[in-house]
Number of protein chains: 2
Amino acid sequence: MPCSCQWKGKEDKMKNVKYGKCVRCGKTYEAVPNLTNCSCGGILDIVYDYDYIKESLTKEKLSKREERSMWRYRELLPVEEKTPAPPLRVGWSPLYEAPRLAGELGIAKLYVKDDGLNPTASLKDRASSMAVAKAGEAGAKVIACSSTGNAASSLAGNAAAAGLSTYIFVPSRAPKGKVAQLMTFGATVVSVQGSYEDTFELSKQAIDKWGWYNRNAAINPYLSEGKKTVGLEIMEQLGWKVPDYIAISVGDGCTIAGLWKGLKDLYAIGFIDRLPRLISAQASGCCPLNRAIETGEDWYPMEENTLADSIAVGVPRNADKALMAIRESNGLTVNVSDEEIMAAQKLLGSSCGVFGEPAGVTGTAGLKKLCEQGKIPADATVVSVVTGNGLKDVENAIRSCGEPISIPGDMDRLMQAFAERGIAVS
Amino acid sequence: MPCSCQWKGKEDKMKNVKYGKCVRCGKTYEAVPNLTNCSCGGILDIVYDYDYIKESLTKEKLSKREERSMWRYRELLPVEEKTPAPPLRVGWSPLYEAPRLAGELGIAKLYVKDDGLNPTASLKDRASSMAVAKAGEAGAKVIACSSTGNAASSLAGNAAAAGLSTYIFVPSRAPKGKVAQLMTFGATVVSVQGSYEDTFELSKQAIDKWGWYNRNAAINPYLSEGKKTVGLEIMEQLGWKVPDYIAISVGDGCTIAGLWKGLKDLYAIGFIDRLPRLISAQASGCCPLNRAIETGEDWYPMEENTLADSIAVGVPRNADKALMAIRESNGLTVNVSDEEIMAAQKLLGSSCGVFGEPAGVTGTAGLKKLCEQGKIPADATVVSVVTGNGLKDVENAIRSCGEPISIPGDMDRLMQAFAERGIAVS
């Protein structure tokens, strides 16, 4: 069926982008707005003209820019010059220095990037904002995806703000809270009585039939270009002083691949003079990508045994890009149990005032484990990215946080309770 | 009992603040960091030296400032010059222009201020950030409050980031999710087997006994000075062009009073040349302040019959300041049903991509009702403040959003479902 895209052709061509290139077979494609996968099935990477970018973007120019969002980095983004930034303010999330937590972990410096403060409360907003921009270029009025999680809510929110319609396919087991959020954003939600694979398949057929714009990080190569802005921001917020490590949770693989792409972009245009090592943190119960790195073998599917639902991806669709990123960066892998994840949630909350969802704090859990194993030098500077907000999943926090002190309204009972628990009040 | 405050005395005196003045009897007090209520029981207002401020702050100076948080407005805040801004990035939330929603409401211009994007997801972070700063000035290591809601979580988060301890008293009926968030932030949570009054009373005794810093908007006059930054930001984000109305939800009264204080500050130093009218939106089931305005009588307690829990305040403790703000601004009052509140949640989500909690969208619900009643001129410019994030309460969204389309994974069934619902796919 014909695509509804109304891309106007060469006259709008992006000057900073050369083409899309298959990460598997190397075939190149013109970077049209509705670019999808290579004919070989591989995912495309967007290839830039760094010489052109170097001429148009300098650190000084950037430092004077008022824009405080991911769209601050237009020269490094795959959009036409006239494409407007979508309405929701995505990105430029805070990077907090965390001296107490650094001390606890035994490292010199630690920074926490709280990407849970994006408009729909996760890093996925960076990809969805890009999807909305590219859908606009394509002349599409409708965007679709299949997902139960942060990708869906971020697409629904960002598209609603831009006046675009969304069709979102969820498996019938999707949590009601997430469906409610989608419907509040005005998405047409199709709950498919079947597995996630059935859901994905129906969405694919519908997208093909009606020519909707496809927001699927496994198919649309522009999405990881949106996600890379988290790396651009970290570096600018650090004054271009490169940390030794950046820790991040890994599920599908698109996020760590995007982060790495941003860092490589900055290296290519001379904004930074070296690259950090990535720390790829997965849940022990679902770590097909880390297993591939650790064994040196190809990745293969794995069960999804973790409460960190946003990274419970047994069949990662961005495996190629993610594995390349981890290997190129001489990265570390680390797998953490659900208990370690929930302990990291508490640790980040109590030491930094940052409340992350389980998948959001998995990078920090991994960092802690590596520190305990003596794998991170004491003089290291590390950035830990929190990818989603804890308010997305309070159920697990409830199960892990323990019980409060419960007493009648009486001072003697309060003092007794403090004494029993060894709480020294002063 | 002695206060643990170690305030160092006159040499640290704030140059921009004259004193605290009772809004009821007019008595003045030196503006020490641990200032509480007047001896007559009235709440104090912080009185500024606007001549001094005018000399130290200009619009041009402000426009060049890098800081993008509520601490951007230091000259207008009641802190000593050397007091550090607390770590969490509070404020500078986005102000979105909402042309489609403006059209739907039949007004010329509408802006939505999304304060749910603060670090702990509500406007209350502005007050808590101020509490943390003032506790620091007082030399206090512990802050306490009694609350079940946004005030508690924002205090716990902001204090944790600053390395301060918190003791938080909640009634035993407090939702488990909110308690879990507090405990994740490392707060010592005391669950009191009794009513909210029992809880408040025990917290008061404990605060008196141990000299903790008091984060209670009914007692600590600095908190509404933190909240006023929402008004400062709105005006700067509008380029100092004063809107005709600002709509906001009202519970305890501290927030609308703070908003008004910020606007009056800007008027006093000549940054704006007129003042907007406030729209005070309450839930029909709990509107003691609006009732007082509407009847011209004193306020008196009311039952708390609304699902908008953050504004279900039958005994508003900032009634004096709030009523003064509404009257001084020649404000409008409007009371909305729970159904109107939930409809506004959907409306904001689907037209603006902003997901607010029920209390957070009550201002928008009120604005919609006033528009329908013909009380807002068609040429009006209005700002609607969303005070908290919808992720704080997905239960009500679930109840109100309806059911998704539920089908097996089959294209014919999908087309049939669209046709039955009159969904024109293209």
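Trainee: Explanation requested: the interface of chain A and chain B in the structure shown.
Mentor: Often, the extent of an interface is quoted as the loss of accessible area upon association of its parts. Facing the 76 residues of chain A at the interface are 76 residues of chain B. Looking at the side of chain A facing chain B, the largest losses of area belong to A:Arg89, A:Thr184 and A:Leu391, adding up to 11% of the total buried there. If you look at where chain A meets chain B, you find two salt bridges. One salt bridge in this structure joins A:Glu66 and B:Arg68, with 3.1 Å as the shortest N-O distance. At the boundary of chain A and chain B, one finds 22 residue pairs in polar contact (both at pLDDT 80 or more). Per-element accounting of the side of chain A that touches chain B gives the leading share, seven residues, to helix H6 (residues 176-184) of chain A.

Trainee: Mind showing me how you'd approach unusual backbone geometry here?
Mentor: Comment: phi is negative for the bulk of residues other than glycine, and the bulk of peptide bonds are trans. All names here are of chain B. Even without being glycine, tryptophan 92 reaches a positive phi, approximately 50 degrees. Among the secondary structure elements, tryptophan 92 is positioned in the loop between helix H2 (59-63) and strand S4 (95-97). Of note in this structure, asparagine 330 is not a glycine but carries a positive phi near 55 degrees.

Trainee: Explain the sheet that holds strand S7 (residues 165-171) of chain B here, please?
Mentor: Sheets are built from strands that pair by backbone hydrogen bonding, the pairs being arranged parallel or antiparallel. Read from one edge to the other, the open sheet built from five strands follows the order S14(A)-S8(B)-S7(B)-S6(B)-S9(B), with strand pairing classed as parallel. Two strands bound the open sheet, and with one partner strand each, they are strand S14 (405-407) of chain A together with strand S9 (213-214) of chain B. Bridge count for strand S6 (residues 142-146) of chain B against S9(B) is two bridges, and the pairing is parallel. Paired with B:Ala144 across the two strands is B:Asn214, which belongs to S9(B). With respect to the sheet, helix H7 (residues 196-210) of chain B is in contact with S14 of chain A together with S6, S7, strand S8 (188-192) and S9 of chain B, its orientation differing from that of S7(B) by roughly 155 degrees.

Trainee: In this structure, what is going on with empty space enclosed by the protein? I would like to understand it.
Mentor: Empty space left among the atoms is revealed by rolling a probe the size of a water molecule over them. Residues and elements named next belong to chain A. Within the structure shown, the criterion is met by four cavities of 30 Å³ or more. Size it by volume and the largest cavity reaches roughly 40 Å³. Residue lining of the largest cavity: Lys13, Met14, Val17, Lys18, Glu30 and Ala31, and that is the complete set. Among the residues making up the lining of the largest cavity, the classes are represented as three nonpolar, no polar and three charged.

Trainee: Got a minute to help me understand helix H11 (residues 288-295) of chain A in this structure?
Mentor: Residue pairs three or four apart in sequence face the same way in an α-helix, which turns once every 3.6 residues. Residues and elements named next belong to chain A. Turning to H11, its buried residues are Pro288, Leu289, Asn290, Arg291 and Ala292. Turning to H11, the residues buried within the fold contact strand S11 (277-283), helix H12 (319-328) and strand S12 (332-336). A positive backbone phi angle near 75 degrees is found at glycine 296, which sits one or two residues after H11.

Trainee: How should the confidence of the model for chain A be read in this particular structure?
Mentor: Low-pLDDT portions of the prediction should not be read for the details of their coordinates. Residue and element names in this part refer to chain A. When the pLDDT values of chain A are averaged, the result is 94; 97% of them are 70 or greater. In this model residues 1-7 is a low-confidence stretch, pLDDT under 50, and it forms 19 contacts with partners more than four residues away in sequence or in other chains. This prediction of the complex comes with two scores: 0.96 for pTM and 0.95 for ipTM.

Trainee: So what exactly am I meant to see when it comes to the pattern of salt bridges here?
Mentor: Side chains bearing opposite charge may pair, as long as their charged atoms lie close to each other. Residue and element names in this part refer to chain A. A complete count under the given rule lists 46 salt bridges over all chains for this structure. Here aspartate 320 makes a salt bridge to arginine 24, at a shortest N to O gap of 3.1 Å. Residue aspartate 320 is located in helix H12, and its partner arginine 24 is located in the loop between strand S1 (17-22) and strand S2 (28-29); the two are separated by 296 residues in the primary sequence. The class for arginine 24 is exposed, based on a relative accessible area of 54%. Residues aspartate 115 and arginine 126 are paired through a salt bridge, measuring 2.7 Å at the closest nitrogen-oxygen approach. Of the two residues, aspartate 115 is situated in the loop between strand S5 (109-114) and helix H4 (124-137) and arginine 126 in helix H4; the sequence distance between them amounts to 11 residues. Across this residue pair, the class does not change: aspartate 115 and arginine 126 are buried. Linked through salt bridges whose partners overlap, the residues forming this network are Asp45, Glu225, Lys228, Lys261 and Asp265.

Trainee: Could you clarify how one ought to interpret helix H4 (residues 124-137) of chain B in this entry?
Mentor: Residue and element names in this part refer to chain B. Taking 1.5 Å per residue, 14 residues should reach 20 Å; H4 reaches 20 Å between its end C-alpha atoms and fits that length. Among the 14 residues that make up H4, 12 are buried, leaving the element largely enclosed by the rest of the structure. By the burial criterion, the buried members of H4 are Asp125, Arg126, Ala127, Ser128, Ser129, Met130, Ala131, Val132, Ala133, Lys134, Ala135 and Glu137. Of the residues trailing H4, glycine 139 is marked for its positive phi of about 75 degrees.

Trainee: Which parts of the structure should I look at to understand the sheet that holds strand S2 (residues 28-29) of chain B?
Mentor: Residues and elements named next belong to chain B. Pairing within the open sheet is antiparallel, and its three strands lie in the order S2-S1-S3. Looking at strand neighbours, the two that pair on one side only are S2 and strand S3 (44-48), the edges of this open sheet. Inspection of the sheet shows strand S1 (residues 17-22) paired to S2 by two bridges, in the antiparallel sense. By the bridge assignment for S2, glycine 20 is matched with tyrosine 29.

Trainee: Is there a simple way to explain the relation of the copies chain A and chain B in this structure?
Mentor: Between the two copies of this chain, the relationship is a rotation about some axis together with a displacement along it. Superposition record for chain A on chain B: RMSD 0.0 Å, screw rotation 180 degrees, translation along axis 0.0 Å. Here the symmetry operator amounts to a two-fold rotation axis.

Trainee: What is the right way to look at the environment of B:Asp198 in this model?
Mentor: Relative to the elements of secondary structure, B:Asp198 occurs in helix H7. Along the backbone, B:Asp198 and B:Val170 are 28 residues apart, and their C-alpha atoms lie at a distance of 9.7 Å.

Trainee: Looking at this structure, I do not really get the nonpolar core. What am I missing?
Mentor: When a protein is soluble and globular, its nonpolar side chains tend to lie buried together. Counting 240 residues, the largest nonpolar core has A:Leu367, A:Ile376, B:Leu367 and B:Ile376 as the members making the most contacts within it. Sequence-distant contacts of B:Ile376, defined by excluding residues within four places in its chain, comprise B:Ile107, B:Tyr245, B:Ile279, B:Leu332, B:Leu367, B:Leu370, B:Cys371 and B:Val382.

Trainee: Sorry, what's going on with the packing of H4(A) against helix H5 (residues 150-162) of chain A here?
Mentor: Each packed pair of helices is defined by two parameters, the angle between the axes and the distance between the axes. All names here are of chain A. Packing of H4 against H5 leaves a shortest axis separation of 8 Å and a crossing angle of 45 degrees. As far as their axial angle goes, H5 and H4 are oblique. In this structure, the crossing between H4 and H5 has a hand that is right-handed. Taken together, the residues of H5 that come into contact with H4 (itself represented by Lys124, Asp125, Ser128, Ser129 and Val132) are Asn150, Ala151, Ser154, Leu155, Asn158, Ala159 and Ala162. Split into classes, the residues belonging to the contact of H4 with H5 amount to five nonpolar, five polar and two charged.

Definitions and limits used
- Residues numbered from 1 in each chain as written.
- Chains lettered and ligands numbered in written order.
- Predicted model: local features only at pLDDT ≥ 70, side-chain atom pairs only at ≥ 80, totals over all residues.
- Heavy atoms only, no water.
- Contact = heavy atoms within 4.5 Å.
- Buried area = accessible area lost by both parts, 1.4 Å probe.
- Salt bridge = Lys/Arg side-chain N within 4 Å of Asp/Glu carboxyl O.
- Polar contact = N/O pair within 3.5 Å; in protein donor to acceptor, adjacent residues only side chain to side chain.
- Helix = DSSP H or I, 4+ residues; strand = E, 2+ residues; numbered from the N terminus.
- Pairing = 2+ DSSP bridges.
- Axes fitted to C-alpha atoms, helices over the stretch in contact; angles between N-to-C directions.
- 1 Å grid on protein atoms, 1.4 Å probe; cavity = no way out; pocket = protein on both sides within 12 Å on 5 of 7 lines; lining within 4 Å.
- Points joined across faces, edges and corners; volume = space filled by probe spheres on them.
- Nonpolar A, V, L, I, M, F, W, Y, C, P; charged D, E, K, R; others polar.
- Buried < 20%, exposed > 50% of the residue type's maximum accessible area, 1.4 Å probe, protein only.
- pLDDT = per-residue confidence, 0-100.
- Expected span 1.5 Å × (residues − 1).
- Least-squares fit on C-alpha atoms with pLDDT ≥ 70 in both.
- Core = buried A, V, L, I, M, F, W, Y, C linked by side-chain atoms within 4.5 Å.
- Parallel < 35°, antiparallel > 145°, perpendicular 65-115°, else oblique.
- Left-handed = near helix turned anticlockwise from the far one by under 90°.

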